[in-house]
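The lines below spell out each chain.
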Amino acid sequence: MEEKIKVGIIGPGNIGTDLMYKVMRSKHLQMDFMTGIVESEGLRRAAGLGFKTSTEGVKAIAADPEVKIVFDATMASAHLANAPVLKEAGKIAIDMTPAAVGPYVVPCVNLAHLQDVDNFNMVTCGGQATIPIVHAINEVADVEYAEIVASLSSKSAGPGTRASIDEFTQTTRKGLEQVGGADRAKAIIILNPAEPPVMMCNTIYTLVKNPDEKAIKEAVEKRVKEVQQYTPGYQLRVPPMVEGNKVTVIVQVEGAGDFLPKYSGNLDIINSAAIAVAEKLAEQMLQK
Amino acid sequence: MEKKRIHIVDTTLRDGSHAVSHSFSPEQVTAIAGGLDKVGVDIIECAHGDGITGSTFNYGFSKYDEMELISAASKVIHNAKQCILLIPGIGTIDDLEEAYKNGARVVRVATHCTEADVGIQHIQAAKKMGMMAVGFLMMVHMASPEKLLEQAKIFEAAGADYINLADSAGYCLPQDVTDRVTALVNGLSIPVGFHAHNNLGVAVANSIAAVEAGATYIDATCRGLGAGAGNTQLEVLAAVLDRMGYDTGLDLYGVMDVAEEVVEPIMHRPQVIRTAPLMLGYAGVYSSFLLHTYRAAEKFGLNPRDILVELGRRRMVGGQEDMIVDVAYQMATERDGKK
């Protein structure tokens, strides 16, 4: 059997469980340890699949010398406490929460440039879906202002997202500026309760300095293919529409349906991006 | 017998902002808010049509800085309470704090009618700041009275001072309003309000139905200025409620004069029910989609009516203005593919 890097997950909820299934499909990652802070269905599911489990949360994983990469799928306040423990134990943390202890990472944009980082922040689902496009447009057209509207099905927005909707919009805005390269940005989130649930849809408006339609279209189409490398359900719904200095693009994300239903493209893209980060790290570790 | 008091919430400077494409100037705000304050309106709402920080590509940019407008209103509001709208997902608590600094003392936290929990933190923050906080449920035609009561209770538990039901699509008929308001009046211990749109020509009738079912806060605008076919016309409502024996605290002639002398001259078009706004009400589509739909229809060479019907079929909710372009693009692509 090919050598793999062992992975732990803190937080056996929807995100953590979907990550577990994605790790199980990975070439370079070996699912090893799932921890929570109370007995739960998620922990039982992981145990049933033959993985180690614990209700000791971060402590249990920190004490396990075999686990190299840890996904923290808890919440911002918990990650603030977990981050130093993981660092101390020499683990690389991939932070699914908006805590932003470490730098923001969007795999197809800045993963290659982040060297010697031991804590990666995954921004938000809306950020993972829109920052690549803003970045692609910025490279060819210089984005002064970026604005995104992420619409999610109500069913795919858990209590964590609902209780911290301001954090979602603020974190996404910062990601659009810091990683996407927009001078200024604004993020909007909409929850739609329609049945059957709507697919995650993202509208990206940019105000650009050089509205070269051909260059923008090529850059966006190329970038969509790069995102599809790790999120196959990522699709261009409306290709770049240039009106004066305004560019409008709409992308849709259909989930892979690993654990979460396909309409949860929002959760799928942030998890897929996190896996892409972990795989890259594992590859580097295995080469050493 | 003492007349029952109905509180009037004027939203000319918020919902009416849609109808002038968010172009109110500080001078216009001063004239309108000052006029309304003198004639006995209880609450005066002033913000971008889609709430604070709604000034965006998606909803239309404001011509003037919104906080400057809020500040201008605060200088002439002495008797009424000054209000803003905040839609979680668009505006944040930081924005609320800035609006407070500029004079806002009431916030209406607006969510889609099934998503009240996204507004809990905003209601709580407002109460902590000493503001009056209102839970505002939009697109109420899309939920049953029972569901609305359940959602209203989420806002009530968070500390809301009253609950406002908004018929954002102007789809409700008077009986729909009676059923919804009755469920809340019976199930809550805080007051209930209502916000109408006139897309089916029943805004005043629906407001009467709300009052008769026990609502004590009613939204209205001068000349009915608002998204879609507009809102309940303030001066008409004042006259009707007076005839019905309610006390609105309004100076009827004064309200008529503000509408005719201050608001009418700055309107971009008469607030009448043209085909597209009628279709909003008929198909159950968010009223603020109207002007954006006209623009998309023109760009893609489509009939606005067809775009609105498709938006209704897709069950789009408030704030999804971006989907107008999506629908128009998909319809135009399909049409051109067939050629």
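Computed from a predicted model, the values in this text were never measured in an experiment.

**Q** If you had to explain the overall build of chain A to someone new, which residues and values would you point to?
**A** Looking only at helices and strands, chain A features 10 helices and 11 strands. When its C-alpha atoms are laid out on the principal axes, chain A stretches across 55 × 45 × 35 Å. The burial tally for chain A puts 59% of its 288 residues in the buried class.

**Q** If you had to explain the overall build of chain B to someone new, which residues and values would you point to?
**A** Helices and strands together make up the secondary structure of chain B, namely 14 helices and 8 strands. Relative to a compact globule of 339 residues, whose C-alpha radius of gyration would be 20 Å, chain B shows 19 Å and is just as compact. For chain B, the spread of C-alpha atoms along the principal axes amounts to about 70 × 45 × 40 Å. Counting only residues that meet the buried cut, chain B has 60% of its 339 residues in that class. Here the analysis covers contacts within chain B between residues at least 6 apart in sequence; of these, 76% occur between residues at least 24 apart.

**Q** So, the nonpolar core: which residues are in play, and what are the values?
**A** Of all hydrophobic cores here, the largest spans 218 residues; its most connected members are I137 and A274 of chain A together with I44, I84, L137 and I218 of chain B. At 11 residues, helix α10 (residues 265–287) of chain A tops the list of elements feeding residues into this core. Leaving out residues up to four positions away in the same chain, I44 of chain B has contacts with D10, L13, A33, L36, D37, A73, I77, A80, Q82 and C83 of chain B.

**Q** I'd like a description of helix α6 (residues 125–141) of chain A, backed by residues and values.
**A** Residue and element names in this part refer to chain A. The end-to-end C-alpha distance of α6 is 25 Å, a good match for the 24 Å that 17 residues give at a rise of 1.5 Å each. If you look at α6, its biggest bend is around 30 degrees, right at I131, and the proline P132 turns up within four residues after that. Of all 17 residues that make up α6, 15 are buried, and the element is covered over most of its length.

**Q** Residues and numbers for the domain arrangement of chain A, please.
**A** Residues and elements named next belong to chain A. For chain A, the domain assignment lists domain 1 (5–122 + 269–287) and domain 2 (125–263). With centres defined by C-alpha atoms, the gap from domain 1 to domain 2 works out at 24 Å. At the junction of the two partners, domain 1 supplies 22 residues and domain 2 supplies 24 residues. Top contributing element to the side of domain 1 that touches domain 2 by residue count: α10, with 6 residues. Grouping the amino acids of the side of domain 1 that touches domain 2 by side-chain chemistry returns 16 nonpolar, 4 polar and 2 charged.

**Q** Lay out the packing of α6 of chain A against α10 of chain A with the relevant residues and their values.
**A** All names here are of chain A. At a minimum axis separation of 7 Å, α6 and α10 run at an interaxial angle of 75 degrees. Between α6 and α10, the angle is such that the two are roughly perpendicular. Together, C125, Q128 and A129 of α6 and N266, L267, I269, I270 and A273 of α10 make up the contact between the two elements. Taken together, the residues of the contact of α6 with α10 break down into 6 nonpolar, 2 polar and no charged.

**Q** Help me get a handle on the pairing of strand β1 (residues 7–13) of chain B, residues and values and all.
**A** Residue and element names in this part refer to chain B. With respect to burial, β1 is a largely interior element, 6 of its 7 residues being buried. The sheet contact formed by β1 and strand β8 (residues 217–220) spans 4 bridges and is parallel. Bridge pairing in β8 places V9 opposite D219.

**Q** Can you tell me about unusual backbone geometry, naming the residues and giving the values?
**A** Leaving glycine aside, a negative phi is the common case for residues, and trans is the common case for peptide bonds. Here the bond from E195 of chain A into P196 of chain A is cis, since omega is -5 degrees, no more than 30 degrees from zero. Position of P196 of chain A among the secondary structure elements: in the loop between β8 (184–192) and β9 (200–208). Despite not being glycine, D116 of chain A shows a phi value in the positive range, around 55 degrees. Structurally, the position occupied by D116 of chain A is in the loop between α5 (107–110) and β6 (119–121). D116 of chain A gets classed as exposed once you count the C-beta atoms within 10 Å, which come to 4. A positive phi angle, close to 55 degrees, is found at R315 of chain B, a residue other than glycine. Structurally, R315 of chain B can be placed in the loop between α13 (304–313) and α14 (322–338).

**Q** Got a sec to walk through the interface of chain B and chain A? Specific residues and values, please.
**A** Contact residues are listed per partner, giving 22 residues for chain B and 25 residues for chain A. Considering each element in turn, the side of chain B that touches chain A owes the most residues, 4 residues, to α14 of chain B. Residues belonging to the side of chain B that touches chain A are distributed by class as follows: 8 nonpolar, 9 polar and 5 charged.

**Q** Describe the sheet that holds strand β7 (residues 192–195) of chain B, with residues and values.
**A** Residues and elements named next belong to chain B. With parallel pairing, the 8 strands of this closed barrel are ordered in space as β1-β2-β3-β4-β5-β6-β7-β8. Sheet twist, expressed as the mean angle between neighbouring strand axes with direction ignored, is 25 degrees. Bridge count for strand β3 (residues 81–86) against strand β4 (residues 106–112) is 4 bridges, and the pairing is parallel. Counterpart to C83 in the pairing with β4 is V106.

**Q** Lay out the environment of I9 of chain A in plain terms, naming residues and giving numbers.
**A** Residue and element names in this part refer to chain A. Inspection of the secondary structure assignment puts I9 in strand β1 (residues 5–10). Linking I9 and D118, residues 109 residues apart in sequence, is a C-alpha distance of 16 Å. Apart from the residues lying within four places of it in its own chain, the contact partners of I9 are G16, L19, M20, M34, F71 and A73.

Definitions and cut-offs
In every chain, residue numbers begin from 1 and rise along the written sequence. Starting at A for chains and at 1 for ligands, labels are handed out in the order in which the entities are written. Note on the predicted model: pLDDT of at least 70 is required for a residue's local features to be given, and 80 or more for side-chain atom pairs to be given and counted; whole-chain, interface and lining totals, by contrast, use all residues. Numbering of helices and strands starts at the N terminus; helices are DSSP runs of H or I of at least 4 residues and strands are runs of E of at least 2. A residue is called partly exposed when the number of other C-beta atoms within 10 Å of its own lies between 12 and 20, exposed at 12 or fewer, and buried at 20 or more, with C-beta atoms placed from the backbone. In this setup the radius of gyration rests on C-alpha atoms only. A globule is expected at 2.2 Å times the number of residues raised to 0.38. What counts as a contact is two residues whose backbone-derived C-beta atoms lie within 7 Å of each other. The term nonpolar core means buried Ala, Val, Leu, Ile, Met, Phe, Trp, Tyr and Cys residues held together as one set by C-beta atoms within 7 Å. To estimate the expected span of a helix, count its residues, drop one, and scale the result by 1.5 Å. Bend at a residue means the angle formed by two fitted axes: the first through the 7 residues ending at that position, the second through the 7 residues beginning there. An automatic or database domain assignment supplies the residue ranges for each domain. Under the scheme applied, nonpolar residues are Ala, Val, Leu, Ile, Met, Phe, Trp, Tyr, Cys and Pro; charged residues are Asp, Glu, Lys and Arg; polar residues are all the others, including Gly. A fitted line through C-alpha atoms serves as each axis, taken over the contacting stretch for helices, and the angle formed by two N-to-C directions is quoted from 0 to 180°. Working rule for angles: under 35 degrees goes down as roughly parallel, over 145 as roughly antiparallel, 65 to 115 as roughly perpendicular, anything else as oblique. Strand pairing requires that DSSP identify at least two bridges connecting the strands.

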